[in-house]
Amino acid sequence: MDTRQRRRLKEMWGQHIIFDYPLGRHTTLGVGGSVEALYEALEIDQLSNLVRFLHKEKIPYLVVGKGSNMLVLDRGVEGVAIRLGGPLACVEVADQEGGILRAGAGAPLSRLLDFCRSRGLGGFEFLAGIPGTVG
């Protein structure tokens, strides 16, 4: 990623983007280098615009969860790591009558299981103990 691209990312996504972020701290093992930029996605429209920009600029990206299935090279990672937060990490009842549950890809599996357990919902028990996210 060049200086112009970094400047443009900062202009467009401001406080939601952090450069040279130590991505290893977001893995289960807690080791590894930095990623060129970390973006905290809170809204689907902003995420969509970011992905379009990254494609256009040929900047690699990856969506990261809780880091339980990821190892980061000590030399670091090129491009942008995207973490899903806010509404993209929520768990809610989407349709009470239809019994539809909505879980964002960034929602921790533990939150999904707690939500279901507190409402007497079953079927996700097999996910217990997995330190990841829905997505």
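Located above this text is the structure these notes cover.
Residues numbered from 1 in each chain as written. Predicted model: local features only at pLDDT ≥ 70, side-chain atom pairs only at ≥ 80, totals over all residues. Heavy atoms only, no water.

A. Structural detail: the pattern of salt bridges. Scanning the model with the defined rule gives 5 salt bridges in all. A salt bridge links Arg8 to Glu11, with the nearest nitrogen and oxygen atoms 3.4 Å apart. With Arg8 and Glu11 both in helix α1 (residues 3–13), this residue pair falls 3 residues apart, about one helical turn. A salt bridge links Arg117 to Asp114; the shortest N-O distance between them is 2.9 Å. Within this pair, Arg117 and its partner Asp114 are both found in helix α3 (residues 109–118), separated by 3 residues, close to a single helical turn. By relative accessible area, which is 39% here, Asp114 ends up partly exposed. (Salt bridge = Lys/Arg side-chain N within 4 Å of Asp/Glu carboxyl O. Helix = DSSP H or I, 4+ residues; strand = E, 2+ residues; numbered from the N terminus. Buried < 20%, exposed > 50% of the residue type's maximum accessible area, 1.4 Å probe, protein only.)

B. Structural view of unusual backbone geometry. If you check the backbone angles, Asp20 has positive phi at about 50° while not being a glycine. Looking at where Asp20 falls in the secondary structure, it is placed in strand β1 (residues 17–21). Relative accessible area serves as the criterion here: at 48%, Asp20 is assigned to the partly exposed category. For Lys58, which is not a glycine, the phi torsion comes out positive at approximately 60°. Looking at Lys58, the relative accessible area reads 72%, which means it is exposed.

C. A look at the nonpolar core. The biggest cluster of nonpolar side chains holds 15 residues, and the ones touching the most others in it are Leu9, Tyr39, Ala41, Leu50, Leu54, Val80 and Ile82. Contributions of two or more residues to this core are made by α1, β2 (35–41), α2 (44–57) and β4 (77–84). No other element matches the 4 residues that α2 contributes to this core. When neighbours within four sequence positions are excluded, Leu50 is seen to be in contact with Leu9, Trp13, Tyr39 and Ile82. (Core = buried A, V, L, I, M, F, W, Y, C linked by side-chain atoms within 4.5 Å. Contact = heavy atoms within 4.5 Å.)

D. Representation of a nonpolar patch on the surface in the model. A contiguous nonpolar patch, built from Leu29, Val31 and Leu71 and spanning about 340 Å² of accessible area, is present on the exposed surface. With respect to the secondary-structure elements, Leu29 resides in the loop between β1 and β2. (Patch = residues over 30% accessible without salt bridge, like charges linked within 9 Å, V, L, I, M, F, W, Y side chains within 5 Å. Areas by Shrake-Rupley, 256 points an atom, 1.4 Å probe, with all protein chains shown as cover.)

E. Seen up close, the sheet that holds strand β3 (residues 61–64). With respect to topology, 4 strands assemble into an open sheet ordered β1-β2-β4-β3, the strand pairing being mixed. The sheet is open, and its two borders are formed by β1 and β3, each paired with just one other strand. Strand after strand, the sheet turns through a mean of 25° between neighbouring axes, direction not considered. Examined bridge by bridge, β1 and β2 share 4 bridges and lie antiparallel to one another. Residue pairing for β2: Tyr21 is matched across the bridge by Val35. Contacts from α1 reach β1, β2 and β4 within the one sheet, and its direction differs from that of β1 by about 145°. Against the sheet, α2 touches β2, β3 and β4, its axis set at about 165° to β4. (Pairing = 2+ DSSP bridges. Axes fitted to C-alpha atoms, helices over the stretch in contact; angles between N-to-C directions.)

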